[in-house]
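# Overview (structure and organization)
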Amino acid sequence: MKIYSKTLAAAVMAAAVSFSGAAWAQQGSPENAEVQAKAKEDGVTFTDARYRNKDGQPTPVVTKDYKVDWAVWQGFRRYHDACHVCHGPNALGSTFAPALADSLKTMDYETFFGIVVGGKRENRGGTEFVMPAFGEDKNIMCYLDDIYTYIKARSLNAEGKGGLPPGRPNGREDISDEAKKRAAECEG
Ligand code: HEC
């Protein structure tokens with residue numbers, strides 16, 4: 001059974017209702033305030049469990065001194081668990097899998113999502129390059145928006161647009177109640 005699909009992702013995005021950030025904005029560490037101020041400056045809203053751009057797509061928040069929103073932090077960890085082995089540390093690529101920090105300079109969210117769900121296989125000069133399909137893997141799918149957000153932050157750095165440099169972020173926002181609930185529901 002394929003429960004995760006591009007269509008589902010689009011429907012979820014379309015149905016995303018603005019989640020009140022008010023209660024959430026008051027809690028937690030000093031980093032929360034820094035990250036939330038940067039989100040405001042960037043004009044992104046905390047909607048449906050994460051920061052999103054005006055098109056409703058997941059988007060990273062990275063402060064001047066490289067503190068990040070929860071999703072980027074979670075994505076950083078998940079990327080290094082699940083993607084790093086082929087795509088290299090810091091999304092910089094390897095001899096057989098592309099640098100995703102470069103891919104996301106031009107690849108849109110839907111394309112990225114579709115490739116991770118369905119996989120990709122190319123024969124180049126007799127060599128098979130295989131990107132596995134992760135559509136049935138909850139450990140990936142429940143956190144794919146987070147992984148996307150992390151790689152997007154890396155790609156913005158590659159473009160000189162204030163994204164995340166290689167390595168660990170300098171700090172992070174706390175997880176929101178909404179994100180915690182979503183993860184629990186998704187993992188089941
Ligand atoms: C077993 C190795 C392997 C793992 C693990 C892996 N990938 Fe891939 N991935 C590949 C290969 C190889 C390609 C290139 C296929 C080709 O040559 O077109 C690829 C391509 C991609 C592409 C398309 C990039 C482009 O520019 O065309 C995306 C997006 C992607 N992978 C995302 C991910 C994410 C996210 C993860 C972790 C959840 C991941 N991959 C884990 C091997 C892997």
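Here, the structure is the one placed above.
The rules behind each value
Residues numbered from 1 in each chain as written. Predicted model: local features only at pLDDT ≥ 70, side-chain atom pairs only at ≥ 80, totals over all residues. Heavy atoms only, no water. Core = buried A, V, L, I, M, F, W, Y, C linked by side-chain atoms within 4.5 Å. Buried < 20%, exposed > 50% of the residue type's maximum accessible area, 1.4 Å probe, protein only. Helix = DSSP H or I, 4+ residues; strand = E, 2+ residues; numbered from the N terminus. Contact = heavy atoms within 4.5 Å. Axes fitted to C-alpha atoms, helices over the stretch in contact; angles between N-to-C directions. Parallel < 35°, antiparallel > 145°, perpendicular 65-115°, else oblique. Nonpolar A, V, L, I, M, F, W, Y, C, P; charged D, E, K, R; others polar. Near = heavy atom within 4 Å. Polar contact = N/O pair within 3.5 Å; in protein donor to acceptor, adjacent residues only side chain to side chain.

## Comments concerning the nonpolar core
Within the largest apolar cluster, 28 residues are counted, with the highest numbers of intra-cluster contacts made by F112, L144 and I151. When contributions to this core are tallied by element, the ones reaching two or more residues are α4 (70–82), α6 (100–106), α7 (109–118), α8 (138–141) and α9 (144–158). Take this core: its biggest share by element is six residues, from α9. Not counting the four nearest positions on each side in its chain, L144 is found in contact with F112, F113 and V116. Formed by six residues, the second largest nonpolar core is a distinct cluster that contains V35, A39, V44 and V61.

## Points about the packing of α4 against α9
Relative orientation of the contacting elements α4 and α9 amounts to 95°, with a least axis distance of 7 Å. Considering their axes alone, α4 and α9 lie roughly perpendicular with respect to each other. Together, A71, V72, Q74, G75, F76, R78, Y79 and H80 of α4 and D146, I147, T149, Y150, I151 and A153 of α9 make up the contact between the two elements. Of the residues belonging to the contact of α4 with α9, the class tally is eight nonpolar, four polar and two charged.

## As for the site of the ligand
The local shell around the ligand holds 24 residues, among which C83, C86, H87, R124 and M131 are the closest. With respect to the ligand, the side chain of S103 contributes an N or O atom lying 2.6 Å from an oxygen atom. Interatomic distance of 2.5 Å between a side-chain N/O atom of R124 and an oxygen atom of the ligand. Sorting the residues of the shell around the ligand by element identifies α5 (84–87), α6, α7, β4 (120–124) and β5 (127–131) as the ones contributing at least two each. Split by residue class, the shell around the ligand holds 19 nonpolar, two polar and three charged.

Just geometry here; none of it tells us what the structure is for.
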